[in-house]
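As a plain string of letters, each chain reads:
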Amino acid sequence: MERFVMKGGRPLNGEVVIGGAKNASLGVLAAAVMADEPCLIENMPDVRDTNVMLQAIEGIGGKVERIDAHTVKINGAAISKDNTVVDDEFIRKIRASYYLLGALLGKYKKAIVALPGGCDIGSRPIDQHIKGFTALGAKVEIGHGMITAEAERLTGAHIYMDVVSVGATINVMMAAALAEGRTIIENAAKEPHIVDVANFLNSMGANIKGAGTDVIRIRGVEKFHGSTYAIIPDQIEAGTFMTLAAATRGDITVRNVIPKHLEAISAKLNEIGCTIHEYDDAVRVDARERTLKNTQIKTLPYPGFPTDMQPQMAVVMALSEGTSIITESIFENRFRYVDELARMGAKIQVEGNTAIISGISKYTGADMVAPDLRAGAALVIAGLAAEGYSAVENIELIQRGYEHFEEKLQDLGASISLVDSDKEEQKFKLRVV
Ligand code: UD1
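Since the structure is predicted, the reported quantities are computational estimates derived from the model, not experimental observations.

S.K.: Hey, could you run me through the overall build of the protein chain in this one?
M.R.: Summing up its helical and strand segments, the protein chain has 15 helices and 24 strands in all. By principal-axis analysis of the C-alpha atoms, the protein chain measures approximately 65 × 45 × 40 Å. Looking at the protein chain residue by residue over its 433 residues, the buried ones come to 56%. By sequence separation, contacts in the protein chain at least 24 residues apart represent 72% of the contacts at least 6 residues apart. With the model as given, the accessible surface of the protein chain reaches about 16600 Å², and the carbon-plus-sulfur share is 47%. Computing the positive centroid from 46 side-chain charges and the negative centroid from 56, the protein chain places the two 2 Å apart.

Structure, rendered in structure tokens:
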């Protein structure tokens with residue numbers, strides 16, 4: 001079975017180029033099927049989740065032409081009203097294939113999509129998606145593991161989201177963009193990828209204003225035309241490498257980023273004791289010879305601290321002096337990595353949605369299992385900070401969202417390798433002693 005093996009304990013230094021945002025691409029790729037002309041999507045990360053989304057699009061009759069690893073042409077013209085069933089197989093692999101629900105409902109006024117799964121980080125209801133579609137005039141039914149949304153016509157509505165939801169905001173925004181009349185989404189999520197999907201929809205002819213604030217105003221249009229669009233850089237991939245600098249007491253510059261999207265992460269790393277330099281499209285985290293101090297974080301919707309950075313930050317906090325506290329306010333089951341970190345010596349006590357972390361001076365290498373995508377990346381960071389050898393299994397979860405992870409880490413000086421047998425692991429250990 002494939003796993004990462006590594007020998008840690010040394011500062012990692014250098015530059016890393018960040019790819020396109022996974023979560024933005026998932027919305028943009030789904031939205032691309034709404035046009036009957038080709039859309040050229042650039043800066044798409046070549047990761048498992050985006051590839052599954054492309055397969056799902058092909059599965060409903062969309063034409064997908066891979067220009068290169070990061071560029072894809074999508075044409076939704078061949079999808080027919082009767083071909084709007086998105087199979088279980090895809091939804092089980094990636095939760096975000098439910099974006100096809102909003103996209104297809106908007107375009108064909110009918111969509112049938114399997115109920116979503118996704119990372120096991122807590123119960124993930126979809127009531128706000130359903131509330132939004134219903135307000136637009138769709139009849140939404142759930143049965144046999146599928147959601148069916150159907151409407152004679154979609155009409156603009158005033159929708160108040162009871163919880164701030166990235167997924168529901170994107171899904172309802174897509175459907176409303178091809179509804180008749182005006183829609184207002186209040187208490188909308190403000191994440192950078194909401195803005196990215198809105199910009200893409202606008203580039204196809206939609207009329208969406210206010211994305212990035214908590215009120216989004218949409219004037220429905222009749223149809224979309226083709227477009228060429230480049231995805232924004234990945235905030236979470238960038239943040240992951242920033243915490244890597246802190247955990248290994250290194251000096252890493254993340255390039256091709258939007259520093260504003262990283263402000264919550266930069267502020268916390270600064271508070272902990274790292275020096276942060278911001279440039280136009282890069283951020284440098286210098287943690288060389290620093291003594292890291294305790295802090296507190298509470299995960300919140302953007303612009304608050306992202307829940308997708310919580311495990312990586314915990315790895316740094318566990319190496320910081322004093323007692324640090326994490327409050328996870330978005331998902332209830334996001335501390336499953338704690339037992340794995342404990343194997344490396346971390347002292348973390350979880351009570352409900354709070355983790356109390358007593359700092360230690362160093363980790364000791366251990367064999368670990370990735371519980372989900374971001375926690376998996378966090379365990380790799382811990383392994384690279386730890387003394388001795390570590391291994392992380394279940395790396396297909398990490399590959400859902402990180403492209404060429406081990407190569408990027410190697411370029412920063414990490415001793416890490418992807419192996420798929422004990423023999424290869426032994427070879428790695430002999431090579432890096
Ligand atoms: C998206 C991201 C995920 C990130 C999360 C929070 C994608 C593909 N995934 O997930 O990486 O961790 O945002 O930033 O972009 N909720 C409801 N009812 C709903 C929808 C959500 O109660 O109908 C709740 C959820 O249980 C959760 C909170 O709202 O507590 C936020 O979830 P949401 O923003 O919808 O997350 P996702 O879109 O699934």
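S.K.: Would you mind going over the packing of helix α8 (residues 235-247) against helix α12 (residues 373-385) with me for this structure?
M.R.: Helix-helix packing is characterised by the crossing angle of the two axes and by the distance between the axes. Across the interface, α8 lies against α12 with an axial gap of 9 Å and an inter-helix angle of 25°. By the angle class used here, α8 and α12 are roughly parallel. The handedness of the crossing between α8 and α12 is right-handed. Together, Ile236, Thr240, Thr243, Leu244 and Ala247 of α8 and Arg374, Ala377, Ile381, Leu384 and Ala385 of α12 make up the contact between the two elements. A class-by-class count of the residues in the contact of α8 with α12 yields seven nonpolar, two polar and one charged.

S.K.: For this particular structure, what's the right way to read the pairing of strand β16 (residues 275-278)?
M.R.: On a regular strand, one side chain projects to one face of the sheet and the next to the other, so that they alternate. Here four bridges tie β16 to strand β17 (residues 282-286), and the two strands are oriented antiparallel to one another. Bridge assignment links His277 to a residue of β17, and that residue is Arg284. In sequence, β16 turns back onto β17 through a hairpin of three residues.

S.K.: Help me understand the side chain of Ser227, please; the structure alone is not making it clear to me.
M.R.: Positionally, Ser227 belongs in strand β14 (residues 227-230). At 2.7 Å, the side chain of Ser227 and the side chain of Ser203 are in polar contact. Once residues lying within four places of it in the same chain are set aside, the contact partners of Ser227 are Pro38, Cys39, Leu40, Phe200, Ser203 and Met204.

S.K.: Explain a positive patch on the surface here, please?
M.R.: Taken together, the side chains of Arg182, Lys209, Arg217 and Arg219 make up a positively charged region of the molecular surface. Considering the arrangement of structural elements, one finds Arg217 in strand β13 (residues 215-219). Residue Arg217 is classed as partly exposed on the basis of its relative accessible area, which comes to 40%.

S.K.: What should I look at first to understand the site of the ligand in this one?
M.R.: In the vicinity of the ligand lie 23 residues, with Gln128, Ser165, Val166, Asp308 and Ile330 positioned nearest. With respect to the ligand, the backbone of Pro125 contributes an N or O atom lying 3.4 Å from an oxygen atom. Val166 places a main-chain nitrogen or oxygen 2.7 Å from an oxygen atom of the ligand. Across the complex, the protein chains shield 86% of the 740 Å² of accessible surface that the ligand would expose by itself. Counting residues per element, the ones that place at least two in the shell around the ligand are α5 (127-135) and α6 (166-177). Broken down by element, the shell around the ligand gets its largest block of residues, three residues, from α5.

S.K.: What exactly am I supposed to notice about the sheet that holds strand β12 (residues 207-209) here?
M.R.: Within a beta sheet, neighbouring strands are joined by backbone hydrogen bonds and run either parallel or antiparallel to one another. Overall, mixed pairing links the four strands, which are arranged β10-β11-β13-β12 in an open sheet. Both edges of this open sheet fall to β10 (158-160) and β12, since each of them pairs with a single strand only. The mean inter-strand angle of the sheet, taken between neighbouring strand axes irrespective of direction, is 15°.

S.K.: How do you make sense of the nonpolar core when you look at a structure like this?
M.R.: Core analysis: the largest hydrophobic core is formed by 80 residues, its most contacted members being Leu100, Met173 and Leu201. A total of eight residues in this core trace back to one element, the largest contributor, which is α6. Discounting chain neighbours no more than four positions away, the residues touching Leu201 are Ala31, Met34, Met173, Met174, Ala206, Ile208 and Phe224. If you look at the next biggest cluster of nonpolar residues, it comprises 70 residues, including Ile265, Ala287, Val316 and Ala375.

S.K.: What is the right way to read the environment of Gly205 from this model?
M.R.: One can find Gly205 in the loop between α7 (192-203) and β12. Given a relative accessible area of 28%, Gly205 falls into the partly exposed group. The residues touching Gly205, leaving out its near neighbours within four places in the chain, are Val221, Phe224 and His225.

S.K.: Looking at this structure, I do not really get the side chain of Lys109. What am I missing?
M.R.: Note that Lys109 resides in the loop between α4 (99-108) and β7 (110-114). Although Lys109 lies buried, it forms no salt bridge, and the closest oppositely charged side chain, Glu180, sits 6.9 Å away as judged by the N-O distance. From its side chain, Lys109 meets the backbone oxygen of Leu178 in a polar contact 3.1 Å long. In contact with Lys109, not counting residues within four places along its chain, are Lys81, Leu104, Ala149, Glu150, Ala151, Glu152, Leu154 and Leu178.

S.K.: It is not clear to me how the sheet that holds strand β1 (residues 3-8) should be interpreted in this structure. Could you clarify?
M.R.: The four strands are arranged β22-β23-β1-β24 in an open sheet whose pairing can be described as mixed. Edge positions in the sheet fall to β22 (367-369) and β24 (415-419), since each has one partner strand and no second. Recorded for the sheet is a direction-independent mean angle of 20° between the axes of neighbouring strands. Bridge count for β22 against strand β23 (residues 388-393) is three bridges, and the pairing is parallel. Counterpart to Asp367 in the pairing with β23 is Ala391. Packing of α12 onto the sheet brings it into contact with β1, β22, β23 and β24, and relative to β1 it is tilted by some 30°.

Thresholds, definitions, all that
Residues numbered from 1 in each chain as written. Predicted model: local features only at pLDDT ≥ 70, side-chain atom pairs only at ≥ 80, totals over all residues. Heavy atoms only, no water. Helix = DSSP H or I, 4+ residues; strand = E, 2+ residues; numbered from the N terminus. Buried < 20%, exposed > 50% of the residue type's maximum accessible area, 1.4 Å probe, protein only. Contact = heavy atoms within 4.5 Å. Areas by Shrake-Rupley, 256 points an atom, 1.4 Å probe, with all protein chains shown as cover. Lys, Arg positive; Asp, Glu negative; His and termini not counted. Charge placed at Lys NZ, Arg CZ, Asp CG, Glu CD. Axes fitted to C-alpha atoms, helices over the stretch in contact; angles between N-to-C directions. Parallel < 35°, antiparallel > 145°, perpendicular 65-115°, else oblique. Left-handed = near helix turned anticlockwise from the far one by under 90°. Nonpolar A, V, L, I, M, F, W, Y, C, P; charged D, E, K, R; others polar. Pairing = 2+ DSSP bridges. Polar contact = N/O pair within 3.5 Å; in protein donor to acceptor, adjacent residues only side chain to side chain. Patch = residues over 30% accessible without salt bridge, like charges linked within 9 Å, V, L, I, M, F, W, Y side chains within 5 Å. Salt bridge = Lys/Arg side-chain N within 4 Å of Asp/Glu carboxyl O. Near = heavy atom within 4 Å. Core = buried A, V, L, I, M, F, W, Y, C linked by side-chain atoms within 4.5 Å.

Taken by themselves, the reported measurements are silent on function.
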